[in-house]
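# Summary of the model geometry
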Amino acid sequence: MQADRLDATFNALADPTRRAIIARLVKGEASVMELAEPFDMSQPAISKHLKVLERAGLISRGRDAQRRPCRLEAAPLREVTDWLQRYADLVESRFQRLDSLLEELKHKEKRHGRNK
Amino acid sequence: MAGTSSGKLVVTLPSDKEILLSRVFDAPRHLVYEAMTKPEHVRRWWACMDGSTMPVCEIDLRVGGKYRYVTRMADGSEFGFNGVYREIVAPQRIVHTEIFEPYPDSPSLCTLTLEERDGKTYYQTLVQHETKEARDMHVSSGMETGAGIALDRVEAIARSLATPRPGEPAAARASEI
């Protein structure tokens, strides 16, 4: 089930326009018109992207019939970043050990000179 | 593309089947290369869980040569990785296959590149899986093996690494292979 959620989130994020929309919504809610402005795209084209994002649960839309402002829903994004973060933490803990080994190797090299 | 970072490591997913790891190491390239390819060095950093050891670390660094890493967890369970070197350009590029031994039918192809700038080494590894499912499983393995480690614990481990470990028995174990 979690894999399906991740799939929907990844598919929604696989498009540069939709990622740009998400980036804009991080700053606060916006109407379709406001979202369409920076892109060379019609409002219906933007609306299509918004539907994909809405289906993936990444955004929600206000009730106000005229404006229907879009806002970011953080939960699915957090799920993806948490999933990736666990992996990153594991690899990073490995690399932090490598950091201290490299410090040791650097000191050894300084002591013995590079060209032995 | 989703991405996240942990400390200095940046992990991104450039496509459905790939994982890209990027990090900067504060050391010249020849040392990073050495630390990543000599068994006596790899033993010091590969087994990263608290209380885990590395009973097997074999590296036959030549095209067509094999490697095998086995980590033994504190609870006695073991998991291994193995693969074959496809391309070696010391000290800047290694292409190798990687099989996580519990899933022998899902090999991935890893391309490691090291670039040196101003005495620092810019590391990247691109991991290419054959399917999205295998890629996702790879990322999720961080969750399975890391499940017992809370984030504050990772920090504690990092702190303990700042001080030298007394009597690392790496040499003793090498002779057991």
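Residues numbered from 1 in each chain as written. Chains lettered and ligands numbered in written order. Predicted model: local features only at pLDDT ≥ 70, side-chain atom pairs only at ≥ 80, totals over all residues.

The helix and strand tally for chain B stands at five helices and nine strands. In sequence order, the secondary structure elements of chain B are arranged as β-β-β-α-α-β-β-β-β-β-β-α-α-α. A buried classification covers 25% of the 177 residues belonging to chain B. Restricting the contact set of chain B to residue pairs at least 6 apart, pairs at least 24 apart contribute 36%. (Helix = DSSP H or I, 4+ residues; strand = E, 2+ residues; numbered from the N terminus. Buried ≥ 20, exposed ≤ 12 C-beta atoms within 10 Å, placed from the backbone. Contact = placed C-beta atoms within 7 Å.)

A few words now on helix H5 (residues 74–112) of chain A. In this model H5(A) runs 54 Å from its N-terminal to its C-terminal C-alpha over 39 residues, within 8% of the 57 Å that 1.5 Å per residue would give. Gly113(A) sits one or two positions beyond H5(A) and adopts a positive phi of about 80 degrees. (Expected span 1.5 Å × (residues − 1).)

Here we take up the environment of His41(B). Residue position: His41(B) is located in helix H2 (residues 39–45). With 16 residues separating them in the primary sequence, His41(B) and Cys57(B) have C-alpha atoms 9.9 Å apart. Each residue touching His41(B), except ones within four places of it in the same chain, is listed here: Leu101(A), Glu34(B) and Ala35(B).

A few words on the pairing of strand E3 (residues 18–25) of chain B. All names here are of chain B. Residues Ile19, Leu21, Arg23 and Phe25 point to one face of E3 and are all buried, whereas Glu18, Leu20, Ser22 and Val24, pointing to the other face, are not buried. The pairing of strand E2 (residues 9–12) with E3 spans three bridges and is classified as antiparallel. Directly across from threonine 12, in E3, lies its bridge partner leucine 20. What sits between E2 and E3 in their antiparallel hairpin is a turn of five residues. (Pairing = 2+ DSSP bridges.)

Now for the packing of helix H2 (residues 16–26) of chain A against helix H4 (residues 43–55) of chain A. Residues and elements named next belong to chain A. Closest axis-to-axis distance for the H2/H4 pair is 10 Å, and the angle between their directions is 75 degrees. Relative to H4, the element H2 is oriented roughly perpendicular. Facing H2, whose interface residues are Thr17, Arg18 and Ile21, H4 presents His49, Val52 and Leu53. Residues belonging to the contact of H2 with H4 are distributed by class as follows: three nonpolar, two polar and one charged. (Axes fitted to C-alpha atoms, helices over the stretch in contact; angles between N-to-C directions. Parallel < 35°, antiparallel > 145°, perpendicular 65-115°, else oblique. Nonpolar A, V, L, I, M, F, W, Y, C, P; charged D, E, K, R; others polar.)

What follows concerns the packing of H5(A) against helix H1 (residues 29–37) of chain B. For the pair H5(A) and H1(B), the least separation of the axes is 10 Å and the interaxial angle reads 125 degrees. When the axis of H5(A) is compared with that of H1(B), the two are oblique. Of the two possible hands of crossing, H5(A) and H1(B) adopt the one that is right-handed. For the pair H5(A) and H1(B), contact is made by Leu98(A), Leu101(A), Leu102(A), Leu105(A), Lys106(A) and Glu109(A) and by Leu31(B), Val32(B), Glu34(B) and Ala35(B), respectively. A per-class count over the contact of H5(A) with H1(B) returns seven nonpolar, no polar and three charged. (Left-handed = near helix turned anticlockwise from the far one by under 90°.)

All names here are of chain B. Tracing the backbone through its elements, the reader meets valine 84 in strand E6 (residues 78–89). Take valine 84: there are 16 C-beta atoms within 10 Å of it, and that puts it in the partly exposed class. Through-space distance from the C-alpha of valine 84 to that of tyrosine 67 is 6.4 Å; in sequence the pair is 17 residues apart. In this view, valine 84 contacts Gly64, Lys66, His96 and Thr97; residues no more than four positions away in its chain are not counted.

This brings us to the nonpolar core. If you look at the biggest cluster of nonpolar residues, it comprises 22 residues, and the most contacted ones within it are Leu102(A), Val32(B) and Ala35(B). Those elements that provide at least two residues to this core are H5 of chain A together with H1, H2, strand E4 (53–59), strand E5 (66–72) and strand E8 (108–117) of chain B. Looking at this core, the element that brings in the most residues is H1(B), giving five residues. Residues within four places of Ala35(B) in sequence aside, it is in contact with Leu98(A), Leu101(A), Leu102(A), Leu105(A) and His41(B). (Core = buried A, V, L, I, M, F, W, Y, C linked by C-beta atoms within 7 Å.)

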